[in-house]
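# Observations on the three-dimensional arrangement
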Amino acid sequence: MRLHHLQVRAFGPYPRAESVDFDALGADGLFLLHGDTGAGKTTLLDAVAFALFGTVPGARGEIKRLRCDYAEPDVATEVRLEFTVQGHRLLIVRAPEYERPKRDGSGTTTQRAKASLTWVGTTPSGHAPDGLARIDEVNRTVARLLGMSAEQFFQVVLLPQGDFARFLRAETAERERLLEKLFGTQRFADVEHWFRGARTERGRAVEEIRQDVRELLARVGQAAGIEPHDESSADIGWLAALHARLRGDAVDAEKEDRLARENRVRAEQEFAHRRDLAERIRRVTTALATLAELDNGAATRRALAEELSAAHRCQPVLIAATAARRAEADLAAAVRAEQLAVATLAGRAKTGSDLPSLRALAGALREEAGGLRQLVAEAETQRVEAARLTELVARYGDTGVRVAELAEQLANLPQRLADAHAERDAGMSAANRLDGVRAHTVELRALHADAMRLPSVQAVDLVRRNEATETIDAHQRAREALLDARQRRLDGMAAELAGALTADHPCPVCGSPEHPAQAVSAPGSIGETDESAAAEAEQAANAERERTGLAAAEARHRLDALVERLAGRTEPDIADQLGAAEADLATAATRAATLVASTELVARLEHDASDLRAEQVEAERDQAALATERARLAEAVAARAQRLDAARGDFPDVAARRAHLLTVIEALDELAKARSAREQAEQRVQQARAEVLAAAVAADFVDEVEALAAARGPDVLDDLQRRLVAADRQESAARAVLAEPELAGIRIDTDIDLAGAQAQVEAAQERADVANAAFQETQRRVDEVTDLAARLTDAWQRLAPAQARQAELAALTDVVNGRGQNAHQMSLRSYVLAARLAEVADSASRRLRRMSQGRFSFVRSSAGGPRGTRGGLGLDVLDDYSGRVRPAKTLSGGESFLASLALALGLADVVAAETGGALLDTLFIDEGFGTLDADTLDQVMDTLDELRAGGRVVGLVSHVEELRQRIPVRLRVRRARTGSTLQVHGTRSA
């Protein structure tokens, strides 16, 4: 992009139209923009930015107050910029929003912002010949042609005042935000955020499927009547085997159910056939058989009772035996722990000692290790102080050389300081008079202009007074004509009323419907139309009279004010006084112009003398301190070395010996602990065995073996109890049946086996019920497991690919966010920004090395930031004099200017290349040259000469006097009480 012409009007400090011809200023490729502080140098750069983007850089863009306070109310605020970009020559015109007085003088109204863009010369295809007039269309077109945002443009084309070194000294986080704005890497942060969100969402979906699998496995186990299977070992084969087993159980249960039902039907039929014939015989026979059976099983019942009693008595013995087995298991674990501790200490210390000996040995070694703790700290101190001693020897030699150099410099200062004082006093005398002479000259110029205007103002006053007199006479004549017209209409009013009468309609005056003698018009009478015309003519004459009267009063007021300011002085007298004052002003200005330079020279020399003397005293003090510290430190290092050599023994150092002792102590403690645990376990085992024997004797058993043999399970105990109770009940029931009167005399030799038939029916019914319940249960399990198996298989089929996709996405997310397999441990956005910063550092280092005569270059640092923040965007400076990398904040003022200028130019190169490389034809550098010495300024000017190669134009914004001597083409901004103006020096047109 190349700028051609800029015009501002009522913008910033410029009340009138001011123009800048960049083609003329940039003919040599370099020009200087200078002027007093606050005159409006930076405002011209703001105008360029406002024309292109509708905003200005820095804090000034936040206030949005661009209209000039000195501009006349009828002068519109406007910026016009003609420039070429990508082969198109364009004219852009913008006006900001501001408040202006209303035309009727009743207050203010808002003047809306406007913008227009037109193509100069041949209209490019695709654009209307009339250009664009909507602000949004203009903004989009400019952004598309420039290829960069406003922030990027401000950084690479306009280097704003106050933001010059911001990027150089920025912390990692601030530099990251600035680079992200310049290079538009927010999309990479969006990619990182998308990956994190996708990983979380995918992980949530996988966990939902896995939870479904776990729930279905639990339900399958519950339905099948087995323990829930582990998720990690369950598979399709296991599920198919389980389903097949359940179906086989169902088939067997169905077959058993069918056979049991058939057997039950046959038994019931046989029983029904015999029941009616042998009911009474059956009852007697059953009772007698029951009694006989019970008599035969009396010995068995007694044995069952004794077995039940012994089983109840052995319960305490069982409890004691269980406790004894737990104690034996604890003893085995304690023995293994002791053996492990002995193996750990093998070859380091004696392990066959008793507990007190082991603890005593550990205590002795702990005291020895405690005594070595202080010596470990002294070893670290020895290393640090030995390095310090080497550094002191080198610094002592450097300080001696510096003391000699300072003495030589101080000897040459007195004469230079005396000459500078004399020159400053002469300039100060002229400067003290300058403001008074300048104010007097300005006042005389204003009076001379007033004197030149006096004849014209007098003539205008005379014309306005004559016009007022004529309009007064005209109004008087119009008023007399109006009065005459009204009288003539009154005279003919009766005829006018008669003309409006109609037959049989009442008269508006008397009310009669008859009109026998109507009045006729008198000669010279007029109607309502004529009277209205006379009234309008009178009102027009009165308005003209008021207008001319107001104009005459204003003209008289201007004339009186002008005469009062002149106070009787004539134009020739004022012209003579003005000439003398301007000559005096020129002389005083010439002499005062040297004041700033001479004052700066005196201050600089005095400051240098003070600094040199202070530096000399400091250097001598440092030299003496270094000598004292070197002697003290050498003695301390030698004494400490003897102590450390004696303490380390056969080990490399004291720390190694102490670490060995601590390891042995820890192993001894573990052995003592294990041995104590083993002895306690042995005691518990002996005690538990004694308790088992005591419990057996107390329960009337000979020993533990007999007691454990009498133990029975819960089911056996319940069966024994049930059989004894059933036998007692059967005996009672049989005797009751035989005692009934209706069974007396019944013979039992009749061959009717009714009891057998009844037993068969009951057995068949019981087997049928059990078989049916088993069949229903197995069928239910098969149905439920079949449904759950289908759902579980579907969940497994969905889980495997989902887990694979989630694992792949998680690994990729870690890489994008600087974790996992990311070797650089940098996020995608940080990696891109670090690459851009490396390009900026390389480009800036080439210029910085030339400007600093090979001393400085930039080094990108990947060190982490404060409080654990990630690095990768650090920027330090390599000092070739010392060979060390320094933080940018340690640079002096002049060094910081060189570094920040080089960095800004490097940043401009990279951003321009990023956006197509078309935006470096015009470059502005705003302030900062005052911190440079003459040699460094030469290096900077050489760099700027390289920038203007190939047709580039570089504009420097500065008030440094030496730049005015170096740069012939200058644009000066003059400040005045009524606003600023522009003046061009050194161009062909000037």
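Basis of the calculations
- Each chain has its residues counted from 1, running along the sequence as written.
- Per-residue local features of the predicted model are confined to residues with pLDDT of at least 70, and side-chain atom pairs are confined, for both listing and counting, to 80 or more; whole-chain, interface and lining totals are unaffected and use all residues.
- Where side-chain values are given, they derive from all heavy atoms of the structure, hydrogens and water being excluded.
- Strands here mean DSSP runs of E at least two residues long; helices mean DSSP runs of H or I at least four residues long; both are numbered from the N terminus.
- When accessible area is computed with a 1.4 Å probe and restricted to protein chains, residues below 20% of their type maximum are described as buried, those above 50% as exposed, and intermediate ones as partly exposed.
- Here, two residues are considered to be in contact whenever any of their heavy atoms come within 4.5 Å of each other.
- Any two strands with at least two DSSP bridges between them are considered paired.
- Here, a salt bridge means any Lys or Arg side-chain nitrogen found within 4 Å of an Asp or Glu carboxyl oxygen.
- By definition here, a helix of n residues has an expected span of 1.5 Å times n minus one.
- Convention adopted: a line fitted to C-alpha atoms gives each axis, helices being fitted over their contacting stretch, and angles between N-to-C directions are expressed from 0 to 180 degrees.
- For classification purposes, angles smaller than 35 degrees are called roughly parallel, those larger than 145 roughly antiparallel, those between 65 and 115 roughly perpendicular, and all remaining angles oblique.
- For this scheme, ten residues count as nonpolar: Ala, Val, Leu, Ile, Met, Phe, Trp, Tyr, Cys and Pro. Four count as charged, namely Asp, Glu, Lys and Arg, and the remainder, Gly too, count as polar.
- How sure the predictor is of each residue is captured by pLDDT, a score from 0 to 100.
- Each nonpolar core is a collection of buried residues, namely Ala, Val, Leu, Ile, Met, Phe, Trp, Tyr and Cys, held together in the definition by side-chain atoms within 4.5 Å.
- Contacts described as polar in this section are N or O atom pairs within 3.5 Å, which, within protein, must combine one atom able to donate a hydrogen with one able to accept it, while residues neighboring in sequence count only if both atoms come from side chains.
- Pairing of aromatic side chains requires ring centres within 6.5 Å, counting the rings of Phe and Tyr and the six-membered ring of Trp. Pairs whose planes differ by under 30 degrees are stacked, by over 60 edge-to-face, and all others tilted.

## Points about the overall build of the protein chain
Counting its secondary structure elements, the protein chain contains 25 helices and 16 strands. The buried share of the protein chain, taken over its 990 residues, is 36%. Counted over contacts in the protein chain with a minimum sequence separation of 6, partners at least 24 positions apart contribute 74%.

## Some thoughts on the pairing of strand S11 (residues 874–879)
With 6 bridges connecting them, strand S10 (residues 856–861) and S11 associate as antiparallel partners. Following the sheet pairing, Val859 is matched in S11 by Asp876. In this structure, S11 lies alongside strand S12 (residues 884–887), joined through 4 bridges in antiparallel fashion. Directly across from Asp876, in S12, lies its bridge partner Pro887. Here S11 folds back onto S12, and the loop between the two strands holds 4 residues, one of which, Gly883, carries a positive phi near 75°.

## Looking at the pattern of salt bridges
Per the counting criterion, the structure on display carries 26 salt bridges. With its nearest N and O atoms 2.3 Å apart, the salt bridge here joins Glu328 to Arg689. Of this pair, Glu328 sits in helix H12 (residues 315–344) while Arg689 sits in helix H18 (residues 654–698), placing them 361 residues apart in sequence. Overall, Glu328 belongs to the partly exposed group, its relative accessible area being 30%. Its relative accessible area of 36% is what places Arg689 among the partly exposed residues.

## A word on helix H11 (residues 298–313)
Since there are 3.6 residues in each turn of an α-helix, residues three or four apart along the chain are aligned in direction. For H11, spanning 16 residues, the distance from its first C-alpha to its last is 23 Å, which sits close to the expected 22 Å at 1.5 Å a residue. For H11, the complete set of buried residues consists of Arg301, Leu304, Leu308, Ala310 and Ala311.

## Let's talk about the pairing of strand S16 (residues 981–985)
Strand direction decides the pairing type here: strand S15 (residues 970–974) and S16, joined by 5 bridges, are antiparallel. Bridge pairing in S16 places Arg974 opposite Thr981.

## Considering the packing of helix H8 (residues 186–224) against helix H22 (residues 828–851)
Contact geometry of H8 with H22 gives a least axis separation of 8 Å together with a crossing angle of 155°. In terms of orientation, H8 lies roughly antiparallel with respect to H22. On H22, the residues touching Phe188, Ala189, Val191 and Glu192 of H8 are Leu828, Arg829, Ser830 and Val832. By residue class, the composition of the contact of H8 with H22 is 5 nonpolar, 1 polar and 2 charged.

## Side note on the confidence of the model for the protein chain
Summing up the model confidence of the protein chain, the mean pLDDT is 77 and the portion of residues at 70 or higher is 82%. Contacts for the low-pLDDT stretch residues 123–128, under 50 throughout, to residues beyond four places or in other chains number 6 contacts.

## Quick word on the nonpolar core
Counting residues in hydrophobic clusters, the biggest one holds 88 residues, and the most contacted among them are Leu52 and Phe858. The element contributing the most residues to this core is helix H23 (residues 893–914), with 10 residues. Within the second largest apolar cluster, 22 residues are counted, among which are Ala223, Trp238, Leu792 and Ala802.

## Thoughts on helix H2 (residues 41–53)
Taking 1.5 Å per residue, 13 residues should reach 18 Å; H2 reaches 19 Å between its end C-alpha atoms and fits that length. For H2, a buried count of 13 out of 13 residues is recorded, marking the element as mostly surrounded by other parts of the structure. Following H2 by one or two positions, Gly54 has its phi on the positive side, about 80°.

## Topic: the sheet that holds strand S5 (residues 88–95)
Reading across from one edge, S2-S1-S4-S5-S8 is the order of the 5 strands in this open sheet, with antiparallel pairing throughout. Each having just a single partner strand, strand S2 (18–21) and strand S8 (114–119) make up the two edges of the open sheet. Strand after strand, the sheet turns through a mean of 10° between neighbouring axes, direction not considered.

## Some thoughts on the sheet that holds S11
One open sheet accounts for 3 strands, arranged S10-S11-S12; its pairing is antiparallel. Sheet topology places S10 and S12 at the edges, where each strand pairs with a single neighbour. Across this sheet, the average inter-strand angle for adjacent strands is 40°, counted without regard to direction. Lying over the sheet, H22 contacts S10 and S11, oriented at roughly 170° with respect to S10.

## Quick notes on the side chain of His4
With respect to the helices and strands, His4 occurs in strand S1 (residues 2–9). Owing to a relative accessible area of 8%, His4 belongs among the buried residues under this scheme. In terms of polar contacts, His4 uses its side chain to reach the side chain of Asp23, at 3.0 Å. In this structure, His4 is in contact with Val20, Asp21, Phe22, Asp23, Glu82, Phe83, Thr84 and Arg89, ignoring residues within four places of it in sequence.

## Focus on the packing of aromatic side chains
The final tally for this structure, using the stated rule, is 3 aromatic pairs. Ring centres 5.8 Å apart and planes at 40° place the aromatic pair Phe11 and Phe50 in the tilted group. Here Phe50 lies in helix H2 and Phe11 lies in the loop between S1 and S2, a separation of 39 residues in the sequence. As far as burial versus exposure is concerned, Phe11 and Phe50 are alike and both buried.

## Describing the environment of Ile967
Here Ile967 shows up in the loop between helix H25 (961–966) and S15. Given a relative accessible area of 1%, Ile967 falls into the buried group. Taking C-alpha positions, Ile967 is 6.4 Å from Phe31, a pair spaced 936 residues apart along the chain. Once residues lying within four places of it in the same chain are set aside, the contact partners of Ile967 are Leu30, Phe31, Leu32, Met941 and Leu956.

## Quick notes on the environment of Leu410
Inspection of the secondary structure assignment puts Leu410 in helix H13 (residues 355–411). Judged by relative accessible area, Leu410 falls into the buried class, the value being 17%. When the C-alpha atoms of Leu410 and Ser610 are compared, they prove to be 9.6 Å apart, with 200 residues separating the residues in sequence. With residues near it in sequence (within four places) discarded, Leu410 still touches Ala609, Leu612, Arg613 and Gln616.

## Observations regarding the side chain of Glu538
Structurally, the position occupied by Glu538 is in helix H16 (residues 528–566). Given a relative accessible area of 11%, Glu538 falls into the buried group. Of the polar contacts made by the side chain of Glu538, one reaches the side chain of His475; its length is 2.9 Å. When neighbours within four sequence positions are excluded, Glu538 is seen to be in contact with His475, Ala478, Arg479 and Leu482.

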